[in-house]
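Next come the chains, spelled out residue by residue.
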Amino acid sequence: MNTSTEKSDAVTTGYYSRTEISPLKRFRRLRMTETLRSMVRETSLSKKDFIYPLFVVPGTRVRKEVNSMPGVFQLSIDELVRECIEVERLGIPAVILFGIPERKDERGSEAYDENGIVQRSVRAIKKEVKELTVITDVCLCEYTSHGHCGIVRDNEIVNDESVELLAREALTHAMAGADMVAPSDMFDGRVAAIRRSLDEHGFIHLPIMSYAAKYASGFYGPFREAAESAPKFGDRRSHQMDPANSNEALREVEQDILEGADIVMVKPALPYLDVIRRVKDRFQMPTAAYNVSGEYAMIKAAGRNGWIDEQRVMMEALTSIKRAGADLILTYFAKDAAVLVP
Ligand code: PBG
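Calculation criteria
- Residues numbered from 1 in each chain as written.
- Predicted model: local features only at pLDDT ≥ 70, side-chain atom pairs only at ≥ 80, totals over all residues.
- Heavy atoms only, no water.
- Phe/Tyr/Trp six-rings, centres within 6.5 Å; stacked < 30°, edge-to-face > 60°.
- Helix = DSSP H or I, 4+ residues; strand = E, 2+ residues; numbered from the N terminus.
- Buried < 20%, exposed > 50% of the residue type's maximum accessible area, 1.4 Å probe, protein only.
- Patch = residues over 30% accessible without salt bridge, like charges linked within 9 Å, V, L, I, M, F, W, Y side chains within 5 Å.
- Areas by Shrake-Rupley, 256 points an atom, 1.4 Å probe, with all protein chains shown as cover.
- Salt bridge = Lys/Arg side-chain N within 4 Å of Asp/Glu carboxyl O.
- Lys, Arg positive; Asp, Glu negative; His and termini not counted.
- Charge placed at Lys NZ, Arg CZ, Asp CG, Glu CD.
- Contact = heavy atoms within 4.5 Å.
- Polar contact = N/O pair within 3.5 Å; in protein donor to acceptor, adjacent residues only side chain to side chain.
- Expected span 1.5 Å × (residues − 1).
- Axes fitted to C-alpha atoms, helices over the stretch in contact; angles between N-to-C directions.
- Parallel < 35°, antiparallel > 145°, perpendicular 65-115°, else oblique.
- Left-handed = near helix turned anticlockwise from the far one by under 90°.
- Nonpolar A, V, L, I, M, F, W, Y, C, P; charged D, E, K, R; others polar.
- Near = heavy atom within 4 Å.

Draft legend 1. Quick peek at the packing of aromatic side chains. On inspection of all chains with the given rule, the structure shows nine aromatic pairs. Ring geometry for Tyr211 against Tyr290: centres 6.2 Å apart, planes inclined by 40 degrees, an arrangement best described as tilted. Taken together, the residues span a long stretch of sequence, with Tyr211 in strand β9 (residues 209–214) and Tyr290 in strand β11 (residues 287–291) at a distance of 79 residues. With respect to burial, Tyr211 and Tyr290 carry one shared label: buried. Both rings, one in Tyr215 and one in Tyr272, keep their centres 4.1 Å apart while their planes meet at 15 degrees; by these two values the pair is stacked. Here Tyr272 lies in the loop between β10 (263–267) and α9 (273–283) and Tyr215 lies in the loop between β9 and α7 (221–226), a separation of 57 residues in the sequence.

Next comes the structure, spelled out in structure tokens:
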């Protein structure tokens with residue numbers, strides 16, 4: 001037998017010879033111990049990757065668990081401050097605030113009231129918790145009586161007029177001391193309008209994290225219970241993206257970057273890992289992914305039923321989001337996961 005043929009066989013087939021069944025390449029060598037596995041691990045989660053969403057409601061001493069989101073609470077401002085102290089102690093760098101107002105109206109007035117629930121919350125947190133980065137969600141849906149993200153006229157969710165209100169809302173958040181604003185509405189031109197309004201008032205260094213590719217998703221169900229923001233009629237399909245599209249997501253993200261977004265977000269996360277990867281590869285921007293309420297609820301519910309190992313599935317899900325290309329993960333699991341990672 002010709003040895004040079006044998007050698008090239010080994011190179012091309014990965015076996016010593018065509019009749020040999022023993023593989024040359026054994027992937028299992030590097031899987032035999034936890035030390036080896038950890039040495040070749042490609043993706044690592046850190047608590048610095050997490051942004052923890054919080055829901056603030058009127059009143060004092062309110063700590064009301066959300067039915068469909070075990071472990072997530074609606075908090076009054078006093079309780080919110082306590083929660084933020086805990087979050088900071090756990091080493092989580094940032095929270096994102098969602099406000100539920102005292103009163104809702106057609107134009108969502110409390111959203112851009114300087115004494116609105118989020119504005120007061122930001123001031124209270126900033127006074128007590130020094131290191132925590134406070135991000136505010138900028139949208140009208142929690143504040144409008146009809147539950148839509150903007151002004152509604154003749155059954156249409158009006159774009160440009162709503163964008164003006166969003167810019168005012170973002171500005172009042174900045175004036176209250178927010179460290180970053182995060183528009184979640186998906187109207188056209190809102191990042192530019194917010195950037196302009198912040199800059200005109202001196203907030204030139206306040207970053208914008210835009211919900212850039214946000215899909216019209218069934219996975220937001222539990223959030224709408226937590227934020228009391230379900231639309232009273234119709235849906236959000238005239239502004240949020242069609243789940244079937246991913247080229248369009250790149251155009252949305254590109255536009256937000258052109259308008260001044262500093263961090264771009266894909267939302268939801270797990271059903272859209274392909275979109276996260278495309279966005280990261282194409283733009284190389286700081287990229288966030290929102291592991292939304294429905295993703296959380298499914299894992300919690302199955303875990304509670306003993307159908308899956310909740311902690312293990314949580315870590316696998318968060319790792320997948322990071323592996324797909326997310327630098328930051330907005331997640332209700334932040335506190336649970338923070339104690340398990342460096
Ligand atoms: C809108 C907003 C929503 C979420 C974050 N910001 C809901 C929506 O678009 O209806 C959903 C987050 C989640 O499901 O966890 N202000």
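Draft legend 2. Fine view of a positive patch on the surface. The grouping of Lys25, Arg26, Arg28, Arg29 and Arg31 at the surface amounts to a positive patch. Tracing the chain through its elements places Arg28 in the loop between α1 (3–13) and α2 (34–39).

Draft legend 3. Spotlight on the environment of Asp137. Within the element layout of this structure, Asp137 appears in strand β5 (residues 133–138). The class of Asp137 is buried, set by a relative accessible area of 5%. Sequence-distant contacts of Asp137, defined by excluding residues within four places in its chain, comprise Ile96, Leu97, Phe98, Glu142, Glu169, His173, Ala182, Ser184 and Tyr211. Within polar-contact distance, the side chain of Asp137 engages the side chain of Ser184 at 3.1 Å.

Draft legend 4. Quick peek at the pattern of salt bridges. Counted according to the given criterion, the structure contains 19 salt bridges. Note that Glu34 is salt-bridged to Arg37, the shortest N-O span being 3.1 Å. Residue Glu34 and its partner Arg37 are both found in helix α2; the two are separated by three residues, about one turn of the helix. Since its relative accessible area comes to 41%, Glu34 is described here as partly exposed.

Draft legend 5. Region of the structure containing the side chain of Glu110. Looking at where Glu110 falls in the secondary structure, it is placed in the loop between β4 (94–99) and α4 (117–128). In this structure Glu110 is buried but unpaired, with Arg120 as the nearest side chain of opposite charge at 4.3 Å. At 3.1 Å, the side chain of Glu110 forms a polar contact with the backbone nitrogen of Glu102. The residues touching Glu110, leaving out its near neighbours within four places in the chain, are Pro101, Glu102, Arg103, Gly116, Ile117, Gln119, Arg120 and Tyr143.

Draft legend 6. Summary view of helix α10 (residues 293–304). Between the first and last C-alpha of α10 there are 16 Å, a value that for twelve residues agrees with the 16 Å anticipated at 1.5 Å per step. When you tally the buried positions in α10, you get nine out of twelve residues, the bulk of the element. Within α10 the residues assigned to the buried category are Ser293, Gly294, Glu295, Tyr296, Ala297, Ile299, Lys300, Ala302 and Gly303. Tucked into the core, α10 has its buried residues touching β3 (69–75), α7, β11, α11 (310–323) and α12 (334–338). The positive-phi residue at the C-terminal boundary of α10 is Gly306, with phi of around 75 degrees.

Draft legend 7. The arrangement of the packing of helix α3 (residues 77–89) against α4 in detail. α4 packs onto α3 with a crossing angle of 45 degrees between their chain directions and a minimal axis gap of 9 Å. By the angle between their directions, the pair α3 and α4 is classed as oblique. Between α3 and α4 lies a crossing of right-handed hand. In contact with Ile77, Leu80, Val81 and Cys84 of α3, α4 contributes Ile117, Arg120, Ser121, Ala124, Ile125 and Glu128. In the contact of α3 with α4, the residues fall into seven nonpolar, one polar and two charged.

Draft legend 8. Region of the structure containing the site of the ligand. Taken together, 18 residues sit near the ligand, with Lys214, Arg224, Lys267, Ser293 and Tyr332 positioned nearest. Burial of the ligand by the protein amounts to 100% of the accessible area it has alone, namely 400 Å².

Draft legend 9. Region of interest: the environment of Glu228. By the element assignment, Glu228 lies in the loop between α7 and α8 (247–259). Along the chain, Glu228 and Ala289 lie 61 residues apart, while their C-alpha atoms are 22 Å from each other. Residues in contact with Glu228, not counting those within four places in the same chain, are Gln74, Ile100, Lys104 and Phe223. Separated by 3.2 Å, the side chains of Glu228 and Gln74 make a polar contact.

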